[in-house]
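Secondary and tertiary structure notes
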Amino acid sequence: MCLVVAATMALSANAETVDSIMSRSDEARAIEAATVTSEKASKLLDALSRLSFGGYGEAAFTRNFYSDNVNRYSHASDYKDAKSHGRFDLPHVVIMIGYDFGKGWSFGSEIEFEHGGTESAVELEQEEVGEYESEIERGGEVALEQFWLQKSFKKWLNVRVGEQVVPVGATNAHHLPTEFFTVYRPEGESQIMPCAWHETGIELWGRAGDWRYEVMFLPALNSCFFSKDEWVKNGSSSPFEFTPANNYAGAFRIDNYSVKGLTLSLSGYYGHTFNNTMMADEGKYKGVKGRLFIGSFDFRYKGHGWIVRGNADYGHLGDAEKISEYNRNLSKSTPYKRTHVGKAATACALEAGYDLLRWWAPELKQNLYLFGRYEYYDAYIPVDDAPKYDWTNRQRIAVGFNYMPMPQIVVKAEFSERFLKSAYNNEPSISLGVAYCAKFL
């Protein structure tokens, strides 16, 4: 009997030992699993903290109280009492994605849907002949406006390589819809140079004290895309899957912040634009360079309820007469404009807005800017003895308001009118728009 009791007690002790071991093993596995889960969660949170995600978008409606007929400039009297016409548009919808890899390495990108779709469209040329043509900007369905990799060494020294915005002019540097009052991007600069101008290149940039600089090396513009009504605006286009770069160019921008609320900026571009395409001409036009210089000054002030912005731009194109001759002799099967090109172009503007809610209802922490804008621009200053197209010389006035219920959202309304020379009809319109610009992560 004693032996039976002893054996039973031994077996019971062994069972308790096994259960204890198994319990401790399960507890260890649970702790290990929790540790792994915690590490994964920590890595995920770290990755999310390094990820940036945002974007901006615009929706607009316009009613134009003038004719959109292609002959409205060549036969202006026939369209003096033309009926109005309207349009809806999604000018720009952009998705921004960025990531901080650490150790000074970062990545940024912007994917743009322009006018709600692809980058290929049929448009009616504002020429006497009124031809329909297919406008091809990049040969793809979606515009990759930015795609760059950056290494930051110091606050004053950063190197960025890839597709990025060329920082020439006020509009290219400040093209977000919350950075201008009008429903559409400012008209003058957008008429004479690419906006938003983006190219694949190498850039150095940085800030030291009250100064910030950008210096960029990039492919030159293509003079085959220049035209009389938009000067060099389409010069960054390429009908190919790549950008031809027989010639190179340089661009720069310098900003100064010495005065509180005020930014003063100077920017410029220089490059040779002729023969910067496939099948370059090496015969009759061998000595043509097409030297292009663009200089720009702009300023921005914000304070005491006011926002005031202004810019002055001037550009000069060498060999404009030869480039005009060459372009006009191109085959009709090419995607180029085939028009005269001016030797120079200019644009200047001034806008000011005052926040009425600053006095009416400051407790709302919202903004209601009443604004006015004036601009003058001319995309075609011809060489001697070239045809004159005086309708490219324009003044424009816009008045309206921007309501911002929060900093990321703006509702816009404006009345504007283009004033042309007396031989032509003025072009009044009303526009309504909504836009957002936000960082989600």
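Given the structure is predicted, the values throughout are model-derived calculations rather than measurements.

Definitions and limits used
Each chain has its residues counted from 1, following the order in which its sequence is written. At least 70 in pLDDT is required for a residue's local features to be given in this predicted model, at least 80 for side-chain atom pairs to be given and counted, and no such filter applies to totals for whole chains, interfaces and linings, which use all residues. In computing side-chain values, all of the structure's heavy atoms are included and hydrogens and water are not. The helix and strand labels rest on DSSP assignments: H or I over at least four residues marks a helix, E over at least two residues marks a strand, and numbering proceeds from the N terminus. Accessible area is worked out with a 1.4 Å probe on protein chains only. A residue is then buried under 20% of its type maximum, exposed over 50%, and partly exposed in between. Throughout, a residue-residue contact means that at least one pair of heavy atoms, one from each residue, lies within 4.5 Å. Values of accessible area rely on a 1.4 Å probe in the Shrake-Rupley scheme; residue burial ignores everything except the protein chains shown. For two strands to count as paired, DSSP must find a minimum of two bridges between them. To pair, rings of Phe, Tyr and Trp, with the six-membered ring standing in for Trp, must have centres within 6.5 Å; the planes then decide the type, stacked if under 30 degrees apart, edge-to-face if over 60, and tilted in the middle. To qualify as a nonpolar core, a set must consist of buried Ala, Val, Leu, Ile, Met, Phe, Trp, Tyr and Cys residues joined through side-chain atoms within 4.5 Å. Cavities and pockets are found on a 1 Å grid laid over the protein atoms alone: a cavity is a set of points where a 1.4 Å probe fits but cannot escape, a pocket is an open set with protein on both sides within 12 Å along at least five of seven lines, and a lining residue has an atom within 4 Å of such a point. Grid points are joined across faces, edges and corners, and a volume is the space filled by probe spheres set on the points. Amino acid classes used here: Ala, Val, Leu, Ile, Met, Phe, Trp, Tyr, Cys and Pro are nonpolar; Asp, Glu, Lys and Arg are charged; the rest, including Gly, are polar. Here, a salt bridge means any side-chain nitrogen of Lys or Arg that lies within 4 Å of a carboxyl oxygen of Asp or Glu. Every residue gets a pLDDT, meaning the predictor's confidence in that residue, from 0 to 100. The sign given to each residue is positive for Lys and Arg and negative for Asp and Glu; His and the chain ends receive no count. What the arc covers is the set of directions going from the helix axis to the C-beta atoms.

Time to look at the overall build of the protein chain. Broken down by element type, the protein chain carries five helices and 19 strands. Split into buried and exposed, the 441 residues of the protein chain put 46% on the buried side. For the protein chain, the proportion of contacts with a sequence separation of at least 24, taken over those separated by at least 6, is 66%. When the accessible area of the protein chain is evaluated, it comes to approximately 22900 Å², of which 61% is carbon and sulfur surface.

Right, let's get into the pairing of strand β7 (residues 143-154). Direction of pairing for strand β4 (residues 105-114) relative to β7: antiparallel, over a ladder of eight bridges. Opposite Ser-106, over in β7, you have Gln-150 as the bridge partner. Here seven bridges tie β7 to strand β8 (residues 157-165), and the two strands are oriented antiparallel to one another. Pairing of Gln-150 across the sheet is with Arg-160, part of β8. A loop of two residues connects β7 with β8, the two strands running antiparallel in sequence.

Scanning the model with the defined rule gives 18 aromatic pairs in all. Residues Phe-53 and Phe-440 carry aromatic rings whose centres are separated by 5.5 Å and whose planes lie at 50 degrees to one another, so their mutual orientation is tilted. One end of the pair, Phe-53, is in strand β1 (residues 51-64); the other, Phe-440, is in the segment after β19 (427-439), with 387 residues separating them in the sequence. On the accessibility criterion, Phe-440 (46% relative accessible area) is partly exposed. Pairing Phe-274 with Tyr-326 gives two aromatic rings, centres 5.0 Å apart and planes at 80 degrees, and the pair type is edge-to-face.

As a further point, take the nonpolar core. Judged by nonpolar contacts, the single largest core of 43 residues is most densely connected at Val-168, Trp-231, Tyr-269, Leu-292, Ile-294 and Leu-317. For this core, the secondary-structure elements that each account for two or more residues are β10 (211-219), β11 (248-256), β13 (291-303), α4 (320-328), β15 (344-355) and β16 (367-381).

This brings us to unusual backbone geometry. Cis geometry is found at the peptide bond from Cys-195 to Ala-196, where omega equals -15 degrees. Positionally, Ala-196 belongs in the loop between α3 (187-192) and β9 (198-208). The phi torsion at His-304 lies on the positive side, around 55 degrees, for a residue other than glycine. Among the secondary structure elements, His-304 is positioned in the loop between β13 and β14 (306-317).

The next point concerns the layout of surface pockets. Taken as a whole, the second largest pocket encloses approximately 880 Å³ of empty space. Taken together, 34 residues form the lining of the second largest pocket, with Glu-110, Gln-146, Trp-148, Arg-160 and Arg-212 sitting closest to its centre. Taken together, the residues of the lining of the second largest pocket sort by class into 13 nonpolar, twelve polar and nine charged.

For the structure shown, the criterion picks out three cavities of 30 Å³ or more. In this model, the largest cavity occupies a volume close to 130 Å³. If you trace the largest cavity, you find 15 residues lining it, with Ala-170, Pro-186, Arg-300, Arg-309 and Arg-373 closest to the centre. In the lining of the second largest cavity, the residues fall into three nonpolar, seven polar and one charged.

A separate point is the pattern of salt bridges. Counting across every chain of the model gives 16 salt bridges. The partner of Glu-187 in a salt bridge is Arg-418, and the shortest N-O contact between them spans 2.7 Å. On the criterion of sequence distance, the pair formed by Glu-187 in helix α3 and Arg-418 in strand β18 (residues 409-419) is long-range, its members being 231 residues apart. In terms of burial, Glu-187 and Arg-418 fall into one category: buried. One connected set of salt bridges, linked through shared partners, spans Arg-72, Glu-187, Arg-309, Glu-351, Arg-373, Glu-375, Arg-396, Glu-414, Arg-418 and Glu-427.

What follows is about the confidence of the model for the protein chain. Looking at the protein chain, the pLDDT average stands at 89 and 87% of residues meet or exceed 70. Across residues 1-8, confidence stays below pLDDT 50; counting only partners more than four residues off in sequence or on other chains, it has zero contacts.

Attention shifts here to the side chain of Glu-112. Considering the arrangement of structural elements, one finds Glu-112 in strand β4. Within the buried core, Glu-112 has no salt-bridge partner, and the shortest N-O distance to an opposite charge, that of Arg-185, equals 4.4 Å. In contact with Glu-112, not counting residues within four places along its chain, are His-92, Val-93, Val-94, Val-142, Ala-143, Glu-145 and Arg-185.

Our focus in this paragraph is the pairing of β14. With twelve bridges joining them, β13 and β14 adopt antiparallel strand pairing. Looking at the pairing, Tyr-301 lines up with Val-308 of β14. Here β13 hands over to β14 after two residues, with His-304 in that stretch at a positive phi of 55 degrees. Inspection of the sheet shows β14 paired to β15 by eleven bridges, in the antiparallel sense. Paired with Gly-310 across the bridge in β15 is Leu-350.

Looking only at α4, the buried set comprises Ala-320, Ile-323, Ser-324, Tyr-326 and Asn-327. Buried residues in α4, looked at end-on, bunch into an arc of 165 degrees, giving them a common side. Against β14 lie the buried residues of α4.

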